[in-house]
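# Structural characterization, general
Residue strings, one per chain:
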Amino acid sequence: MTSLPASSVAPAALPKANDPCWCGSGRKYKRCHKKSEGRVLPGEVTPMRSVPPQINRPPYADTGEFVPYDEPRIKSPETIAKMRASGALAAEVLAKAGELVAPGVTTESIDLQIHEWFIERNAYPSTINYHGYPKASCTSVNEVICHGIPDSRPLQDGDICNIDVTGYHQGVHGDTNATFFVGDVDPESQQLVRVTEEATWKGIEAVKPGRPLSDIGRAIEDHVKPYRYGVVRAFVGHGIGEQFHTDIQVLHYYDSRASTIMRPGMTFTIEPMITLGTVNYKLWNDDWTAVTADGKRTAQFEHTVLVTDDGVDVLTGGPGAASPTAPWNR
Ligand code: MF3
Ligand code: CO
Ligand code: CO
């Protein structure tokens, strides 16, 4: 006895939820392929990229192992000057990467450019071999919340694609991301992306010396509430400096326990992930790619910021940064 091979390509006319699935599995469509329709499919991932030996490497670059140590929360003026340089460099690479986003382009090819642009600027792409991560950026499409691995999937007209880049230069990291439109994007997704960027700036504008970190999450949450969007809780902003991630946690929602007082010289990221539906996530089998549990879309923006004597300095901002709603572009 032989059976017909199960088909792997969906037909143009899809079955009703309770009809048999088009693939020939014999299961109801709603229990079979309906779940994955419209979802991002994983592509092929090429091996880990290598960085030429003349580029100064962070300690985990050769082992993949991140061994945290205590570094001062308040940075010296010398460290701040270096972080300004690594922040500006990451911002420049991100803006250039955004220009590559178009239907048919693979995230793998965008990542390869990012890799080369960092190296040309004498910077190590911080994500490479960070806990074993293989690429120079994270590319998170549609329902991918964060940590998507660049792969062979061509971007499709109507996708939204977040690109997250971090560069290590003069011994310090600069971390920034933005969500870009691929061709013609539906109005619901356009609004999600716009409101997420606005919320990021509300969070940044809440940075003030003497105030608790919880002000940031409150400002973000207040901004998205009228739209009934979700604020992801499982991934948070982080202290940054000589190390990619330090002990400071920046929640993007209000929690009174986030009582750490912001002090001049502190550096951390603000990087809210905002969802159309649930804030719960699932991981792909690659153990990196985090997707919304309901498959609905999500957007993110990120900046590395410095607390100053009277407010905030955006180390990955400034004219030219990929931020249409940033204060200097409003
Ligand atoms: N850049 C990400 C962040 O904003 C971290 C990526 S770590 C990786 O914190 F290993 F997933 F690349
Ligand atoms: Co970050
Ligand atoms: Co980042």
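See the structure printed just above.
Residues numbered from 1 in each chain as written. Chains lettered and ligands numbered in written order. Predicted model: local features only at pLDDT ≥ 70, side-chain atom pairs only at ≥ 80, totals over all residues. Heavy atoms only, no water.

## So, the environment of aspartate 111
- Residue placement: aspartate 111 occurs in helix 2 (residues 107-120).
- Judged by its relative accessible area of 0%, aspartate 111 is buried.
- Remark: the alpha-carbon pair of aspartate 111 and aspartate 184, spanning 73 residues in sequence, is separated by 22 Å.
- Sequence-distant contacts of aspartate 111, defined by excluding residues within four places in its chain, comprise Arg49, Lys135, Ala136, Ser137 and Pro150.
- Among the polar contacts listed, one links the side chain of aspartate 111 to the side chain of arginine 49, at a separation of 2.6 Å. (Helix = DSSP H or I, 4+ residues; strand = E, 2+ residues; numbered from the N terminus. Buried < 20%, exposed > 50% of the residue type's maximum accessible area, 1.4 Å probe, protein only. Contact = heavy atoms within 4.5 Å. Polar contact = N/O pair within 3.5 Å; in protein donor to acceptor, adjacent residues only side chain to side chain.)

## Overview of the site of ligand 1
- If you check the shell around ligand 1, you find 14 residues, and the closest are Thr127, His238, His245, Glu271 and Glu302.
- Aspartate 164 is positioned such that a nitrogen or oxygen atom in its side chain is 3.1 Å from a nitrogen atom of ligand 1.
- Contact between ligand 1 and glutamate 271: an oxygen atom at 2.8 Å from a side-chain N or O atom of the residue.
- Relative to its unbound accessible area of 340 Å², ligand 1 is 96% covered by the protein chains.
- Of the residues in the shell around ligand 1, the class split is five nonpolar, five polar and four charged. (Near = heavy atom within 4 Å. Areas by Shrake-Rupley, 256 points an atom, 1.4 Å probe, with all protein chains shown as cover. Nonpolar A, V, L, I, M, F, W, Y, C, P; charged D, E, K, R; others polar.)

## Concerning the pairing of strand 8 (residues 246-250)
- Direction of pairing for strand 7 (residues 237-239) relative to strand 8: antiparallel, over a ladder of three bridges. The residue bridging glycine 237 from the neighbouring strand is valine 250, located in strand 8.
- Between the end of strand 7 and the start of strand 8, which pair antiparallel, lie six residues. (Pairing = 2+ DSSP bridges.)

## Quick notes on the coordination of the cobalt ion (ligand 2)
- Donor atoms from the polypeptide that bind the cobalt ion (ligand 2) are Asp175 (OD), His238 (NE2), Glu271 (OE) and Glu302 (OE), placed at 2.0 to 2.3 Å.
- Relative to the metal, the six donor atoms surrounding the cobalt ion (ligand 2) lie at angles of 52 to 163°, and the coordination shape comes out irregular.
- Sequence spacing among the residues donating to the cobalt ion (ligand 2) works out to D-x62-H-x32-E-x30-E.
- Here the cobalt ion (ligand 2) and the cobalt ion (ligand 3) are spaced 3.3 Å apart, with aspartate 175 acting as a shared donor. Residue glutamate 271 is located in the loop between strand 9 (267-270) and strand 10 (273-275), and its partner glutamate 302 is located in the loop between strand 13 (298-300) and strand 14 (303-307); the two are separated by 31 residues in the primary sequence.
- Glutamate 271 sits in the buried class, given a relative accessible area of 8%. (Donors = N, O, S within 2.8 Å, 3.2 Å for Na, K, Ca; no water. Tetrahedral: all angles 85-135°; square planar, octahedral: opposite > 155°, others 65-115°.)

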